[in-house]
Structure formats: structure tokens, C-alpha cells
Amino acid sequence: MLKFIVKLHPEIAIKSKSVRKRFTQVLERNIKIILRRIDENVKVKNNWDNISVESQSVDENLRCQFVDNLKRVPGIVQFIEVQETAFEGLDDIYQRTLELAGHSIENKTFCVRVKRRGDHEFTSSDVERYVGGGLNQHVKGAHVKLNKPEVTVKIEIKGDLAYIVTHTHYGIAGFPLPTQEDVLSLISGGFDSGVATYQMMRKGARTHFLFFNLGGAAHEIGVKQVSHFLWNRFSSTHKVKFITVDFEPVVAEILENVENGQMGVVLKRMMMRAGSQVAERLNIPALVTGESIGQVSSQTLANLNVIDRVTETLIIRPLIQHDKAEIIKIARDIGTIEMAEAMPEYCGVISKKPTVKAKLETIVAEEAKFDFDVLDTVIKNATVKDIREIEAEAKEEIKEAETANQLPENGVILDIRSPDEEDADPLEVEGVDVEHLPFFRLSTKFADLPQDKEYYLYCKKGVMSQLQALILHENGFMNVKVYKPE
């Protein structure tokens, strides 16, 4: 038989009686939902100071699945794997402990620690001395060491039953879902937004996903993969929504009308405006971002202050003081690092000298040049899906456009960099036509080009060229590839 005892997170244990009762009931329900997907006959019982889990199975694979799933349930800080045994005297407890834990202390220092409840003729110290002395005598190479031993043998006694701890496991702590209010996470698929989303899940907030698409279908598939992974791994006890907003028209409007150095802050303010409207529509009281102080130009205190002024919706930043190395470590621990590493950085706007001390009056003046009908339209056309609906879409492969470093006779290089970038570093390739068409005008102007030629898109890093080539493919223009010089 498998038996686990889930220890309450200390922050739950210190709550008032009514709050503690509610939190433990929610946690009990979540554990049942998760584990009954593995074993429909599993028994989960709320014992006030802990939650017990029992299964009649002795299958090792099932045991491993139980452990893996319990480690990922928000609200569990620690759980122990125990073997239950009835006893009449101290020797019964010792013999069972020798059988279950003897192998773990061979050639090691150890101590025995006992917790006891009920009326007994012995104390906890009596059990520790009796069991410890027996193990010390009969286990090869084992030696008692009360201060910092290599192994601690743990026993819990309640009434006429002893629980011998065979393994101690650690969970992600936090609060059970959904003991906090809902939040809407701005997910981009990178390291920061994925970790910020996870942090809110582990704090007990039902976390929905809002995706501002800047990179076409390829970008959307990648973000869906990250979002579904996080939900399935840490939050699958509750349904959430995945919302997509096509933000390319907004980016194009910014690039056309906003002064170069202010574009990054304006873009973030447009995202917060859109996020607030989506959140209000779905009755969600807060937005979540992966911003960290000073990580990029838009994340200085001055710029964050100006960004926040655009909305009254609460903006939560779980990573505000995290270093990048810390964020990457958490991404590795939760399993999103490979997806984040493979996710191209879809920059909405690229400024030569982005402002790090934005002034509200300057930003408002720049936004006066923006056509807000564009923003209203993309918000109106946002798609809202149940997170379960995107599972099949998340499994699609991210396509890549063909890349070349040499062109055929009818090949034309299409330099899609912004005018400022192109002016600063013009592209010249001997014997090849080079035309300039900024990426934010491709969707409306590419069809006007002669379609009997092969076009090779060029940008500095190749990321924008890839996504624009794929977008053109989606619209039926198959005469497009990516130019990447050696």
C-alpha cells in the first residue's frame, strides 16, 4: 500500500481557523482531482494539520507518478512517504524500522527523530534511544551522530500506529489554487513571462494568458506551447482562458507615427491599455508581467512609472527584483528553459536610443499622433479560447522559411529594416538588386511588387526576416525566402 502525508505550508497553518479550513479543503480537492487521474480509487483525507493520501496499489510506476504530481501542486511545501505499522511494544517499532530504513544508513552516520501523539507508556526519547541503539548495533557501518548526521530516520506515532518515513519530498509551496483572485498574465513565451506566470500560479491565483502576437503563426504556436505546458503542469485543476490579440497593426502605427526614442514606452502603454480592457471584459482584476528593474530600457523606474499611468488596473510584477540568472534558473527548474531558449525575440519596435527617463507629457504628445481606432479594432478582434482547446495547436511544429546566402539570377534582396537602420548601415551586394521595404509595410505593399521574381528578406539578426517570410507564406506569397550572408 502507498501512503503519503502532506504537510501544510506554514503560511496556511498560521491563518485564522476559518481561512485555514478553507485553504486545506481547497488543497484536498485539488489533490483528489490530480491523483484520481492516475488512480481513481485513491483516498485523500483532510486531517486538519495534514492531508493523507492512500492507495492500495504497490506499483512502482504509480508511486513515481504520485510523487511527481504532488511535487507540482501549489500549496504543498513538503510531503513524506510512510509505511504504516501496528505495534504492541518498542521492539515492534524497531524491527519494522530496521526492515524499511536499515539499508539507507549502511556505512553512514544517523540519528532517529520521533514525533508522538496519544497515551503511551514510553516517551519520544525512549523510542529514539531504543530504535537508534538497535540500528547502531545491527546495521553494517552505521553510527549514531546526533549533530548533523548524514541520515535522519523519522518516525511518527499516533495511538497504536507507527508511521515510518521512507522518503521526504518537497513541493513548490505557495497557496492552493484558486484561493487568490484571478490574474491575466502577459505571456510572450520567453524566460521572464513564463517564470512570472508560474510564480502567480504557485501563489494560488488562477492565471489566464494574454498573448500579443507580433510574429504571426510561428510566434503564436510557440507561445501556446509554453502556456499549455505551464497550465498542464501547475494549474490543470482549473480551467483558464488563452486570449490572442494581433498587435502587428499597433506596432506598424507606432513605427509610422511615434518618435524613435519613445516607441518602446508607447508600445508598452498600448499593451497595458489593451490588457486592461481584456481583463475588464473577463472580470479579472489584475495584470501580470515579467518585468524586472533595469533589465531593458523600458524597465527603468521612470519608464515603469509612465507605463503604469495609462491604466487603473493593478499591474503585478513578480520578478521585479530578480536578476536574469535567477530567472533562468527558475525556468530550468520548472521545465520551460528549452522552449524559452528556442523562442525568437520578437521585438515590436527597435529604437536606436530608447529613452530611459520617459516624461509623461512627452509620451502623451507622441500618443496624440497615434490612431486609436487601430487599437480598438485589435482588441475587438481578440480571440478567447479555453486553454484546453489549444492543446492540439500547441503540438504543431514551428515552421521556418528557407534561408540562403547566394541568390539566383532573378533574385532580389528586400531589406526590411527600419529606415533609420537602413540609413545608418546600407546593404550593398555586388551584382544583386537590393530594394528597401520596411517590415511594417510588407503586409500592405508586398503585393504591389513584381511577382515573377524571388525575394530574399534581409534584417540584421534574421529573426524579423524569418517571421515576415512566414507571414507572407500564410498569405499565399511562396516566392519569399530569407537572405543570411555568411
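The rules we used
- Residues numbered from 1 in each chain as written.
- Predicted model: local features only at pLDDT ≥ 70, side-chain atom pairs only at ≥ 80, totals over all residues.
- Heavy atoms only, no water.
- UniProt positions renumbered as here; feature names shortened; annotations may be inferred.
- Helix = DSSP H or I, 4+ residues; strand = E, 2+ residues; numbered from the N terminus.
- Rg over C-alpha atoms; globule rule 2.2 N^0.38 Å.
- Buried < 20%, exposed > 50% of the residue type's maximum accessible area, 1.4 Å probe, protein only.
- Contact = heavy atoms within 4.5 Å.
- Areas by Shrake-Rupley, 256 points an atom, 1.4 Å probe, with all protein chains shown as cover.
- Core = buried A, V, L, I, M, F, W, Y, C linked by side-chain atoms within 4.5 Å.
- Domains from an automatic or database assignment.
- Polar contact = N/O pair within 3.5 Å; in protein donor to acceptor, adjacent residues only side chain to side chain.
- Pairing = 2+ DSSP bridges.
- Axes fitted to C-alpha atoms, helices over the stretch in contact; angles between N-to-C directions.
- Parallel < 35°, antiparallel > 145°, perpendicular 65-115°, else oblique.
- Left-handed = near helix turned anticlockwise from the far one by under 90°.
- Nonpolar A, V, L, I, M, F, W, Y, C, P; charged D, E, K, R; others polar.
- Buried area = accessible area lost by both parts, 1.4 Å probe.
- Salt bridge = Lys/Arg side-chain N within 4 Å of Asp/Glu carboxyl O.
- Phe/Tyr/Trp six-rings, centres within 6.5 Å; stacked < 30°, edge-to-face > 60°.
- Lys NZ or Arg CZ within 6 Å of the ring centre and 35° of its normal.
- 1 Å grid on protein atoms, 1.4 Å probe; cavity = no way out; pocket = protein on both sides within 12 Å on 5 of 7 lines; lining within 4 Å.
- Points joined across faces, edges and corners; volume = space filled by probe spheres on them.

Going by the annotation in an unreviewed UniProt entry, the name recorded for the chain is tRNA sulfurtransferase, with Pseudoalteromonas aurantia given as the source organism. Looking at the Subcellular location (unreviewed entry) heading of the UniProt record, one finds this comment for the chain: "Cytoplasm".

Help me understand the overall build of the chain in this model?
Secondary structure summary: the chain contains 18 helices and 19 strands in total. For 486 residues, the compact-globule estimate of 2.2 N^0.38 gives 23 Å, and the C-alpha radius of gyration of the chain, at 29 Å, exceeds that figure by more than 25%. In terms of overall dimensions, the chain has a C-alpha envelope of 95 × 50 × 40 Å along the principal axes. Within the span of the chain, comprising 486 residues, buried residues form 52% of the whole. A fraction of 79% describes how many contacts in the chain between residues 6 or more apart in sequence connect residues 24 or more apart. Roughly 23800 Å² of accessible area belongs to the chain as shown, and the carbon and sulfur atoms make up 47% of that amount.

Explanation requested: the nonpolar core in the structure shown.
If you look at soluble globular proteins, the nonpolar side chains tend to sit buried side by side. In this structure, Phe247, Val250, Ile254 and Leu375 are the most contacted members of the largest nonpolar core, which totals 60 residues. Ranked by residue count, the leading element in this core is helix H9 (residues 263-281), at 10 residues. Three or more residues apiece are contributed to this core by two domains, here domain 2 (182-389) and domain 3 (398-483). Those residues in contact with Val250 that lie beyond four places of it in its chain are Met270, Phe370, Val374, Leu375 and Val378. With 31 residues, the next largest nonpolar core counts Ile187, Met201, Leu230 and Ile330 among its residues.

Explanation requested: helix H3 (residues 60-70) in the structure shown.
Every buried residue belonging to H3 is among Leu62, Arg63, Phe66, Val67, Asn69 and Leu70, and all of these are buried. Those residues of H3 that are buried are in contact with strand S1 (2-8), helix H2 (17-35), strand S3 (50-55), strand S4 (76-86) and strand S8 (161-173). If you check the start of H3, you find a side-chain oxygen 3.1 Å away from the backbone N of Asn61, and it comes from Asp59.

Hey, could you run me through the sheet that holds strand S16 (residues 411-415) in this one?
Sheets are built from strands that pair by backbone hydrogen bonding, the pairs being arranged parallel or antiparallel. Strand order in the open sheet made by the five strands is S15-S19-S18-S16-S17, with parallel pairing throughout. The sheet is open, and its two edges are formed by strand S15 (403-404) and strand S17 (433-436), each paired on a single side. Here two bridges tie S15 to strand S19 (residues 480-483), and the two strands are oriented parallel to one another. Counterpart to Thr403 in the pairing with S19 is Val482.

I would appreciate a short explanation of the environment of Ala302 in the present structure.
Within the element layout of this structure, Ala302 appears in helix H10 (residues 301-308). We classify Ala302 as partly exposed; its relative accessible area is 30%. Residues Ala302 and Val356, 54 residues apart in the sequence, show an inter-C-alpha distance of 7.1 Å. Among residues more than four places away in sequence, those in contact with Ala302 are Val356, Lys357 and Ala358.

Help me out: how do you make sense of the packing of helix H6 (residues 191-202) against helix H11 (residues 324-334) in this one?
The interhelical angle for the contact between H6 and H11, taken along N-to-C directions, is 65 degrees, at an axis separation of 9 Å. Here H11 runs roughly perpendicular to H6, going by the angle between their axes. Relative to H11, the crossing made by H6 is left-handed. Each of Phe191, Asp192, Gly194, Val195, Tyr198 and Gln199 in H6 lies in contact with H11, whose residues at this interface are Lys324, Ile327, Ile328, Ile330, Ala331 and Ile334. Residue classes in the contact of H6 with H11 are distributed as eight nonpolar, two polar and two charged.

I would appreciate a short explanation of the domain arrangement of the chain in the present structure.
Accessible area lost during the coming together of the parts is what is often quoted as the interface size. Segmenting the chain into domains produces domain 1 (2-170), domain 2 (182-389) and domain 3 (398-483). Between the C-alpha centres of domain 1 and domain 2 the distance comes to 43 Å. Contact with domain 1, which involves eight residues of that partner, is made by nine residues of domain 2. Summed over both sides, the interface between domain 1 and domain 2 buries roughly 690 Å², with carbon and sulfur atoms accounting for 46% of that surface. At the junction of domain 1 and domain 2, the tally comes to zero salt bridges. The tally of links between domain 1 and domain 2 comes to two residue pairs in polar contact (both at pLDDT 80 or more). The class makeup of the residues in the side of domain 1 that touches domain 2 is three nonpolar, one polar and four charged.

Looking at this model, I keep getting lost on the packing of aromatic side chains. Mind explaining?
Each aromatic ring pair is summarised here by two numbers: the centre-to-centre distance and the angle between the ring planes. This structure, assessed with the given rule, holds 13 aromatic pairs. A centroid spacing of 5.6 Å and a plane angle of 70 degrees characterise the contact between Phe23 and Phe175, whose relative ring orientation is edge-to-face. Here the residue Phe23 occupies a position in helix H2, and Phe175 occupies one in the loop between S8 and strand S9 (180-186), the gap between them amounting to 152 residues. On the accessibility criterion, Phe23 (3% relative accessible area) is buried. Under the relative-accessibility criterion, Phe175 is labelled buried at 7%. Among the aromatic residues, those joined into a cluster by ring pairs are Phe4, Phe66 and Phe79. Looking at Arg20, its charged tip hangs above the ring of Trp48, at a distance of 4.3 Å from the centre.

Explanation requested: the layout of surface pockets in the structure shown.
Rolling a probe over the atoms, with the probe sized like a water molecule, indicates the empty space that remains. Approximately 430 Å³ is the volume attributed to the second largest pocket. What lines the second largest pocket is a set of 23 residues, among which Glu81, Leu100, Val165, Thr166 and His167 lie closest to the centre. Those elements that place two or more of their residues in the lining of the second largest pocket are S1, H3, S4, helix H4 (90-101), strand S7 (151-158) and S8. Class assignment of the residues belonging to the lining of the second largest pocket gives a composition of nine nonpolar, eight polar and six charged.

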